[in-house]
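# Remarks on the overall topology
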Amino acid sequence: MALLAIGVLIFGAIATVSLKQELLPPFSMPVASVTAVYPGAAPQIVERNVTERIEEAVSGGVGQKKVTSFSSDGLAGVSIEYDYGTDLDQAIQDLQQRIGRIQPQLPPRVVPQVAPGISTEFPVIHLAASGDDERLLGRRLRELVPGELSGIDGVSRVVVGGERAQSVEVRLDQDELRERGLTVDAVAALLGSSGSVVPAGTLTSGGESFALQIGEGFDSLADVRGLYLAPKVTLADVADVRVVEERPETVTRTDGRASLSVAVMAKPTGNTVAIAEEVKKRLPALTRSLGAATLLTVSFDQSEFIQESIGGLATEGLLGLGFAALVILVFLLSFRSTVVTVISIPLSLVAALIGLWVNGFTLNILTLGALTIAVGRVVDDSIVVVENIKRHLDHGEAKLHAVRTGTREVAGAVTASTLTTVAVFLPIAFAGGITGALFSTFALTVTIALLASLLVSLTVIPVLAYWFLRAPRTAVTCEAVEAKERGGLLQRVYVPVIGFAVRRRWVTLLASAGILVVTAGMAGQLKTDFLGSSGQNTFQIRQESAAGTSLAAADQAAREVEKALKGVSGLASYQVTVGPDRSEEGAARNVATFSVTARKGTDMKALREAVRARVDRLAAAGTGIGKVTVQEDQGGLTATDLAVTVSAADDASLARAAELVGDAVRQTPGTSEVKAGLAETARQIAVRVDRGAAAARGLTEARIVQAVARVTQGEQVAKVTLDGAEREVSLRVDAPAGDLAALRDLRVPTPLGRTVKLGDVARVETVTAPTRLTRIDGERATTVSAKFSGQDLGAASSALKRRLDALRLPAGATAEIGGVSEQQSSSFNSLFAALAAAVLIVYLIMVATFRSLAHPLTLLISIPFAATGALGLLVATGTPLGLSSLIGMLMLVGIVVTNAIVLLDLVRQYREGGMNAREAVVEGGRHRVRPVVMTAVATVCALTPMALGLTGDGGFLSRPLAVVVIGGLTSSTLLTLILLPTLYTIVEDVKDRFRRPRRPEPAPSPEPEPAHAG
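Residues numbered from 1 in each chain as written. Predicted model: local features only at pLDDT ≥ 70, side-chain atom pairs only at ≥ 80, totals over all residues. Heavy atoms only, no water.

Quick look at the packing of aromatic side chains now. Enumeration according to the criterion identifies 1 aromatic pair in this entry. Plain terms: the ring middles of Tyr574 and Phe594 are 6.3 Å apart, the flat faces sit at 45° to each other, and that makes the pair tilted. Of the two residues, Tyr574 sits in strand E18 (residues 571–580) while Phe594 sits in strand E19 (residues 590–598), which places them 20 residues apart along the sequence. On the accessibility criterion, Tyr574 (6% relative accessible area) is buried. Seen from the ring of Tyr466, Lys399 lies directly overhead, with NZ or CZ sitting 5.9 Å from the centre. (Phe/Tyr/Trp six-rings, centres within 6.5 Å; stacked < 30°, edge-to-face > 60°. Helix = DSSP H or I, 4+ residues; strand = E, 2+ residues; numbered from the N terminus. Buried < 20%, exposed > 50% of the residue type's maximum accessible area, 1.4 Å probe, protein only. Lys NZ or Arg CZ within 6 Å of the ring centre and 35° of its normal.)

So this is what it looks like as structure tokens:
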């Protein structure tokens, strides 16, 4: 056994250093997305020609819950949400096949892309690069950084952002073209067919085969300019060919300095901490390679919070272990017994770490939180064995006999109690949604630790007890041992209490009923939450400009906010990105997103309030900064959005319904930053072709669209390789139109070689139209959302639902609550079902243990009283009832019933020996009170550091769970020792009336009594 323990410790050390460290266990959201770019198309055109066709194609797949779409300027997006458990890879393959079938129906050059809605890869670390020459820096970053960092184990790709791309512009002169008898279409066709290498089969000569290829690519601007369009006529004769910088879509700055961004993306199997450490180790060499004037800094590092969280939980676990050891020492008053007992904790936890490693799980705040919580429970089995062995030794038995007999007597009780606790985690494996995704690994970790503790207590602990425990130096009698126990503090306090309880049973029952009433009252005062705040030291600021605002204007507004951020106490750094709005409520506008990082130890709530106050003063000064929102900490799991999905048959009804719902959300306490979800309108230039006038001149609508596009945005016709990089060749005609009059005067070439003004074949006018159109399941819809900053999410959701039910919406309009409220409701329902299943499983185990249907029902009475302490401590500490708290309730079912099982087991033995019910419960309780209280106090003390959050915010998911277990275990232990014996006597008295008298058997000797298995 010693060699086995040493082997476990060695493999545990290997597992500990090999385990990957993450913030949360990896899980995938069952969402897929389809995006399609339709350059230059207005939202209405995008919806009609692209979005609706994609929606029709993808709808009806297996496991689909909801199909959401948006159409904006030049972009279509369709999001498909699936039921949890759906094979997302298979779903994406099905979507790709469906999109492939409708590809011929889509406009030319529109190629939809299918991808997971929430990528399984994520940025581990963000770098900000700045230098004197942004163009040169961008090229050097693209050449050096991806190659250097992609080789790190676990990195999927490296993304360089903010770089201004270059292209080759060919600007045709129509006068020169007419003079040489050429047309724009002829030049476009020639450019498209040239500059490429085409395979043309093979050629066999002299017994050797040669691959045949025709053509040659463009390798320089000279190649493009020298392209012959006709004899003695090159492209340079009729066009201006040059390299131009494409208009930037985004602008990035770090701490006020223009910068480019580098995002290092990790694979789902990557080790976040190891990747970040390796990237930071390579930064000095990378900076030297990029040039002396380059500054390469870390703007965001996910690994720092992970390491702080894991380190904090590990410290709390060690503190808990120390507290548990101290409690055992106080109760057993033996250093040797304490060491033998406590040795089960590291062995059990190391076995759990090996289990995590073998199963490919990661070390994250949930698995480590499970190990920390298990500290208080894994020692219980060893306490049972050691105390029973010590009792036999105290009675003067030989050491080997005492170890064997003491272990054998409690083996059944220890096994049953451990299996009871383990069984309650089984329903979590079948829980759906985010509950199962997050807490299945938590449940598995606790299960492995508990099963390991059972194995250790029945194998390793007896061996250590034989080696280290000592028998009394002087012989003692059983009467002396009994007298010593009766003189102990616990028995002197407990025996009179239990005696009164079983004599005045109606008093006990009334008091218990009163406690249940108080519990129900506390439930009404309880606040509810979903997951709570993660406590990260980062948050975001979102600055929205009006629809139609240019990138330059949005950038200038962002600079004003940057000025306000300077000098804010506790702010370490920030990075701002200005660009198109890609959010669900986005439109044809540019937004600025600030990622703010605080210094260590900063009060995040105070920092956000300070930033919000400065921004509010800036907005009040009339600086035209737009709408600025200071958001909560980053992290999708801790979102606090209330959302209501509004759908209607037409735009007018939708607008009215969204307005009514928005008012209802604003009236709900705790809500702020309410967004109606309807896209803003913006002025657009509409070109409506006069088909009759166009046909008279030999033109079609498609030909006019092409001619206008060649002037306004250019046409991609070829590719050229410059400086080792492939660039687009864009064909343009004449100078771009500067205003509406110039657009009407635009010359459109006809098939006869002449030109006509655009205004002669089309009506050009300014119109107002929505900048974004959204649909849900094929209906016009929008989402009204709000930030929830209150403490009782459940009450806010109920109040909002009442207000929505009272609304008189337009005919055909509907409003349904979604967002975090829907997630909370779904998860709570799932966990309540798991709680009921856990009670049933525990009952079945007790039926098998006691071979009775009545006694297990009596045992279950301890479960409701566990809620008394759990809810009371939640209310007292102001901790909301959330997902973690309910997991704690589930865990309590197994823990608290354990005390009841072992207590009733000994009482049953006394009854079988001939004692009456009252004598049996008093004697059984007297012998069980010390181990019951001892294991409960050990568990409570082990969890106290986590409940107090002594080392920071890493345990934001584990802390509520610890609070629930501490409160529930405290109340259930006290009530189990008093109420359960009382109920037992009532049941036994009823049974005695129908039981035949029997001759009593000798009562069992109390000396070898099994100790508590709790």
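Let us keep going from here.
Spanning 25 residues, helix H14 (residues 399–423) covers 35 Å between terminal C-alpha atoms, matching the ideal 36 Å at 1.5 Å per step. At Ala411, H14 is bent by approximately 40°, the largest bend along its length. (Expected span 1.5 Å × (residues − 1). Bend = angle between axes of the 7 residues up to and from the residue.)

This paragraph deals with the environment of Leu229. Residue position: Leu229 is located in strand E10 (residues 228–230). Taking the C-alpha atoms as reference points, Leu229 and Leu182, separated by 47 residues in sequence, lie 8.3 Å from one another. With residues up to four places along the chain from it excluded, the contact list for Leu229 reads Leu182, Val187, Leu190, Thr234, Leu235 and Val238. (Contact = heavy atoms within 4.5 Å.)

Further remarks concern the nonpolar core. By size, the foremost hydrophobic cluster in this structure holds 98 residues, and its most contacted members are Phe425, Phe442, Met846, Leu859, Met891 and Leu892. The element contributing the most residues to this core is helix H30 (residues 883–912), with 18 residues. Excluding anything up to four places from it in sequence, Leu892 contacts Ala866, Ala870, Val897, Val964, Val965, Gly968 and Leu969. Leu235, Val708, Val733 and Val764 belong to the second-largest nonpolar core, a separate cluster that totals 41 residues. (Core = buried A, V, L, I, M, F, W, Y, C linked by side-chain atoms within 4.5 Å.)

Quick look at the packing of helix H2 (residues 43–58) against helix H3 (residues 88–102) now. With their axes 9 Å apart at the nearest point, H2 and H3 run at an angle of 130° to one another. With respect to H3, the axis of H2 lies oblique. Between H2 and H3 the crossing geometry is right-handed. Here Arg53, Ile54, Ala57 and Val58 of H2 come into contact with H3, specifically with Leu95, Arg98, Ile99 and Ile102. Considered class by class, the residues forming the contact of H2 with H3 number 6 nonpolar, no polar and 2 charged. (Axes fitted to C-alpha atoms, helices over the stretch in contact; angles between N-to-C directions. Parallel < 35°, antiparallel > 145°, perpendicular 65-115°, else oblique. Left-handed = near helix turned anticlockwise from the far one by under 90°. Nonpolar A, V, L, I, M, F, W, Y, C, P; charged D, E, K, R; others polar.)

Our focus in this paragraph is helix H19 (residues 551–565). In a regular helix each residue adds 1.5 Å, so 15 residues correspond to 21 Å; H19 covers 21 Å between its end C-alpha atoms and thus fits that length. Three or more residues of H19 are buried, namely Leu551, Ala554, Asp555, Ala557, Ala558, Val561, Glu562, Ala564 and Leu565. End-on, the buried residues of H19 take up no more than an arc of 165°, which puts them together on one face. For H19, the exposed residues set more than 90 degrees away from the buried face come down to Ala552 and Lys563. Following H19 by one or two positions, Gly567 has its phi on the positive side, about 85°. (Arc of directions from axis to C-beta.)

Notably, Lys232 is not glycine yet its phi reads approximately 65°, a positive angle. Its identity as a non-glycine residue notwithstanding, Asp255 has a phi of 50°, on the positive side. Within the secondary structure, Asp255 is located in the loop between strand E13 (251–254) and strand E14 (257–258). By relative accessible area, Asp255 is classed as partly exposed at 43%.

So, about the pattern of salt bridges. Taken as a whole, this structure holds 31 salt bridges when the rule is applied. Its salt-bridge partner being Arg242, residue Glu169 comes within 3.7 Å of it at the nearest N-O pair. Of the two residues, Glu169 sits in strand E7 (residues 166–172) while Arg242 sits in strand E12 (residues 239–245), which places them 73 residues apart along the sequence. For Asp175, the salt bridge identified is with Arg178, shortest N-O distance 2.3 Å. Of this pair, Asp175 and Arg178 both sit in helix H5 (residues 174–179), 3 residues apart, which is roughly one turn of that helix. Judged by its relative accessible area of 41%, Asp175 is partly exposed. What emerges from the salt-bridge pattern is a single network uniting Glu169, Arg171, Asp240, Arg242 and Arg732. (Salt bridge = Lys/Arg side-chain N within 4 Å of Asp/Glu carboxyl O.)

A cluster of nonpolar side chains, contributed by Ile6, Ile10, Phe11, Ile14, Trp357 and Val358, occupies part of the molecular surface with about 590 Å² of accessible area. Sorting the residues of the nonpolar patch by element identifies helix H1 (2–18) and helix H12 (344–358) as the ones contributing at least two each. For the nonpolar patch, the leading source of residues is H1, giving 4 residues. On the accessibility criterion, Trp357 (34% relative accessible area) is partly exposed. (Patch = residues over 30% accessible without salt bridge, like charges linked within 9 Å, V, L, I, M, F, W, Y side chains within 5 Å. Areas by Shrake-Rupley, 256 points an atom, 1.4 Å probe, with all protein chains shown as cover.)

Before going further, it helps to spend a moment on the pairing of strand E29 (residues 772–776). Of all 5 residues in E29, 5 are buried, a share of seventy percent or more. Residues of E29 alternate between two faces, with Arg772, Thr774 and Ile776 on one and Leu773 and Arg775 on the opposite face, all of them buried. Pairing of strand E2 (residues 64–72) with E29, which is carried by 5 bridges, proceeds in the antiparallel orientation. Bridge pairing in E29 links Phe70 to Thr774. Examined bridge by bridge, E29 and strand E30 (residues 779–788) share 2 bridges and lie antiparallel to one another. From the neighbouring strand, Ile776 faces E30, where its bridge partner is Glu779. Taking the residues that link successive antiparallel strands as the turn, the E29-E30 hairpin has 2 residues, and the phi of Asp777 there is positive, at about 50°. (Pairing = 2+ DSSP bridges.)

Our next topic: the pairing of strand E3 (residues 75–82). The buried fraction of E3 amounts to 6 of the 8 residues, a majority that puts the element mostly inside the structure. Examined bridge by bridge, strand E1 (residues 31–37) and E3 share 7 bridges and lie antiparallel to one another. Within E3, the residue paired with Val31 across the bridge is Glu81. Pairing analysis gives 8 bridges linking E2 to E3, with the strands arranged antiparallel. Residue pairing across strands places Ser69 opposite Val78, the latter belonging to E3. As consecutive antiparallel partners, E2 and E3 are separated by 2 residues, and within that stretch Gly74 has a phi angle of approximately 70°, a positive value.

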